Amino acid sequence: MGINSVAVVADLGESFGNYTIGDDGALLGLVSSSNIACGFHAGDPRIMDRTVAECVARGIELGAHPGYPDLVGFGRRLIEASEEEIRTDVLYQIGALDAFARVHGGTISHVAPHGRMGSIAQTDAKHARAITDAIAAYNSDYIVICQRGLLAEESRKRDLEVGYVFLADRGYGDDGMPVPRSHEQGLVFDPELIGERSVQVVRDGTVRSVDGNVVPLGHDADVLLLHGDHPTVLQNGTSLRAALDAAGVRVTGLRDVLAEKAEVALAR
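In this text the structure is predicted, and so the values were computed from the model without any measurement. (Residues numbered from 1 in each chain as written. Predicted model: local features only at pLDDT ≥ 70, side-chain atom pairs only at ≥ 80, totals over all residues. Heavy atoms only, no water.)

Caption draft 1: Region of the structure containing unusual backbone geometry. With a phi angle near 55 degrees, Phe74 is a residue other than glycine that sits in the positive phi range. Mapped onto the elements, Phe74 comes out in the loop between strand E3 (62–65) and helix H3 (83–103). Despite not being glycine, Asp159 shows a phi value in the positive range, around 60 degrees. Take Asp159: it is sitting in the loop between helix H6 (150–157) and strand E6 (162–167). (Helix = DSSP H or I, 4+ residues; strand = E, 2+ residues; numbered from the N terminus.)

Structural data, given as structure tokens:
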């Protein structure tokens, strides 16, 4: 592992119209980076505009969070779509967020596919190709936030930098991957535990599975993710930041984390 910094990101802008999900205002004080919904699984132009403006004002990295066109299911249902549909849907959403970023004087740093689209891209070549084709065509400087699997592999084929994510509020299996949300331990509700395991993955690259075993993630933890719709997200984020501070882990932007990792690799 060898690095002593990590990015902390939350899914933001996931409200819609008069419906509010999460407390973005409070979360903005806990994160260094953002995954902003782009209007398909959540979000709308007004919410995107306000979220981007607030992130830019606070110096928080901007990230696009594209998903399936599934407001009812919050993007967590599998949508049958062709490779061309997935590619153009992702391209459309990145472009929409970039418009708000430009207006507010910001720059998108990364793309983090949302929900079912992002999880299936780890094992489905069609999704992995479509998502990375869209990102590479729009801006090859964008970092792809993902876990190990086909999405990371296809990103590297297109010379896209990868930021490996640990889902801080999700339970993990013995394979080092998140268990389904439907699993009885799919969500973690103990803020103190979320802080402890976050330090563990940054320092050791391991996590205690839902079966009680210490297992390797198989990748660095470049970014720790908090789901904005988790019922105790503010407590989770507060505990996570306190645990990182106590362990001497620096919280910074994802680009800084990857730059530090590159320096460590060169020094070896």
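On we go.
Caption draft 2: Seen up close, the pairing of strand E9 (residues 223–226). Where burial is concerned, the two faces of E9 agree: the one with Val223 and Leu225 and the one with Leu224 and Leu226 are both buried. Both strand E1 (residues 5–12) and E9 contribute to a ladder of four bridges, which runs parallel. Paired with Val9 across the bridge in E9 is Leu225. Two strands pair when backbone bridges link them, and E6 and E9 are joined in this way by three bridges, in the parallel orientation. In the strand pairing of E9, Val165 is matched with Val223. (Buried < 20%, exposed > 50% of the residue type's maximum accessible area, 1.4 Å probe, protein only. Pairing = 2+ DSSP bridges.)

Caption draft 3: Structural context of helix H2 (residues 45–58). With 14 residues, H2 should reach 20 Å at 1.5 Å per residue; the first-to-last C-alpha distance of 20 Å fits that figure. Burial in H2 covers these residues: Ile47, Met48, Thr51, Val52 and Cys55. Angularly, the buried residues of H2 cover 125 degrees about the axis, an arc narrow enough to put them on a single face. Exposed residues on H2 whose side chains face more than 90 degrees from its buried face are Arg46, Arg50 and Ala57. On its buried side, H2 packs onto E1, helix H1 (24–27), strand E2 (33–37), E3 and H3. If you check the start of H2, you find a side-chain oxygen 3.0 Å away from the backbone N of Arg46, and it comes from Asp44. Phi turns positive, to about 75 degrees, at Gly59, one or two residues after H2. (Expected span 1.5 Å × (residues − 1). Arc of directions from axis to C-beta. Contact = heavy atoms within 4.5 Å. Polar contact = N/O pair within 3.5 Å; in protein donor to acceptor, adjacent residues only side chain to side chain.)

Geometry only, nothing functional implied.
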